[in-house]
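Here is how the chains run, residue by residue.
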Amino acid sequence: MAISGSKQQANSKGSGRRSPLVRLFGRGKKQAATNDPAQTNRDEMPNYAPMIDYLPYKSITNDRYHFIVLKDKEDGYAEILSIRGQGINSMSYREQENIVNGFVNFLKTALEDMKVIISPFPADTSKQLEHSTKMYNLVNQELAQTQDPRKRRQLRTRLRYINDQIHMNGEVEDQLFNEEYLLVIFGRHQKDLINNRENAIRWGGNALILEPISLERKQAVLARINNLNTEK
């Protein structure tokens, strides 16, 4: 897993938040304006590094925010926000234009130090598995209490059907991946990060809908982006 960024960005702070490789991209300190976007892209050649160098952390705060405590004290804290999908392909041209303009405005006014992570995550079928397992146990209990041969055949058929559902949900979770978009923001102190998070959510508006993620999801994200063996 990796991100793309510029050497200039990577060296702007000696904080270790270097710019890694492919499926992630980021924006650091604002660069000087240029009339030639292509020239800017040519000059800012990506600097490659493993993802573990991008977000080294040592713990998560034990409070309602669950901020990420970065490894280097000078770096402070980080927060991960989910970027909600918009289904832009089903929108009218005017709606698409509003989304694009809103995103451009966000980039112009938002935080100077932030990263966007684009990453595949396994499809979550835990609720379906929980429901199927509960139904399997209920039917199994009913089967144990039933003596009628016809009823027992029906219950066994239901058990086979539920067992197939459980197996299918497990295969889906193992093989199907969703592409998720996440925004990482930083703050030297927790108070700074709270302010940065509120600003990012407000500035994103309807163009970039940002949502906090649960502690469990955050832990899963951190485990994945720091797993160097993860497929890109």
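Treat the numbers as computed from the prediction; the structure is a model and nothing was measured.

A. Structural context of the overall build of the chain. Helices and strands together make up the secondary structure of the chain, namely seven helices and eight strands. The buried share of the chain, reckoned over its 232 residues, is 35%. Of the accessible surface of the chain, which amounts to about 14600 Å², a share of 49% is contributed by carbon and sulfur atoms.

B. The arrangement of the environment of Gly-102 in detail. Counting through the fold element by element, Gly-102 comes out in helix 3 (residues 93–109). In sequence terms Gly-102 and Asn-206 are 104 residues apart; their C-alpha atoms lie 7.6 Å from each other.

C. View of the pattern of salt bridges. Per the stated rule, a full pass over the model turns up five salt bridges. Glu-180 is the partner of Arg-217 in a salt bridge, and the nearest nitrogen-oxygen pair spans 3.0 Å. With a gap of 37 residues between them, Arg-217 in helix 7 (residues 215–225) and Glu-180 in strand 7 (residues 177–187) connect regions that are remote in the sequence.

D. How the structure looks around the confidence of the model for the chain. Per-residue confidence for the chain gives a mean pLDDT of 75, with 72% of residues at or over 70. Predicted confidence is poor over residues 1–52, with pLDDT under 50, and the contacts of this stretch with residues over four places away or in other chains come to 109 contacts. Note that pLDDT drops below 50 for residues 228–232; the model gives that stretch nine contacts with residues more than four away or on any other chain.

E. Seen up close, a nonpolar patch on the surface. Among the surface-exposed residues, Ile-88, Val-100 and Val-104 lie close enough to one another that they form a single nonpolar patch of about 200 Å² accessible area. Within the fold, Val-104 resides in helix 3.

F. Quick look at the packing of aromatic side chains. Counted by the stated rule, this structure contains one aromatic pair. With centroids separated by 5.1 Å and ring planes inclined at 15°, the aromatic side chains of Tyr-65 and Phe-67 adopt a geometry described as stacked. The exposure class assigned to Tyr-65 is buried, which follows from its relative accessible area of 17%. Judged by its relative accessible area of 0%, Phe-67 is buried.

G. Seen up close, helix 5 (residues 149–175). Taking 1.5 Å per residue as the helical rise, helix 5 with its 27 residues ought to reach 39 Å, and the 39 Å between its terminal C-alpha atoms agrees with that figure. If you check which residues of helix 5 are buried, you get Leu-155, Leu-159, Ile-162 and Asn-169. Among the structural elements, helix 4 (126–145) are those in contact with the buried residues of helix 5.

H. Looking closely at the packing of helix 4 against helix 5. The contact between helix 4 and helix 5 brings their axes to 9 Å, and the two run at 160°. Taken together, helix 4 and helix 5 sit at an angle that is classed as roughly antiparallel. Crossing of helix 4 over helix 5 shows left-handed handedness. Of the residues contributing to the contact of helix 4 with helix 5, the split by class is nine nonpolar, nine polar and six charged.

Rules used in this analysis
- Residues numbered from 1 in each chain as written.
- Predicted model: local features only at pLDDT ≥ 70, side-chain atom pairs only at ≥ 80, totals over all residues.
- Heavy atoms only, no water.
- Helix = DSSP H or I, 4+ residues; strand = E, 2+ residues; numbered from the N terminus.
- Buried < 20%, exposed > 50% of the residue type's maximum accessible area, 1.4 Å probe, protein only.
- Areas by Shrake-Rupley, 256 points an atom, 1.4 Å probe, with all protein chains shown as cover.
- Salt bridge = Lys/Arg side-chain N within 4 Å of Asp/Glu carboxyl O.
- pLDDT = per-residue confidence, 0-100.
- Contact = heavy atoms within 4.5 Å.
- Patch = residues over 30% accessible without salt bridge, like charges linked within 9 Å, V, L, I, M, F, W, Y side chains within 5 Å.
- Phe/Tyr/Trp six-rings, centres within 6.5 Å; stacked < 30°, edge-to-face > 60°.
- Expected span 1.5 Å × (residues − 1).
- Axes fitted to C-alpha atoms, helices over the stretch in contact; angles between N-to-C directions.
- Parallel < 35°, antiparallel > 145°, perpendicular 65-115°, else oblique.
- Left-handed = near helix turned anticlockwise from the far one by under 90°.
- Nonpolar A, V, L, I, M, F, W, Y, C, P; charged D, E, K, R; others polar.

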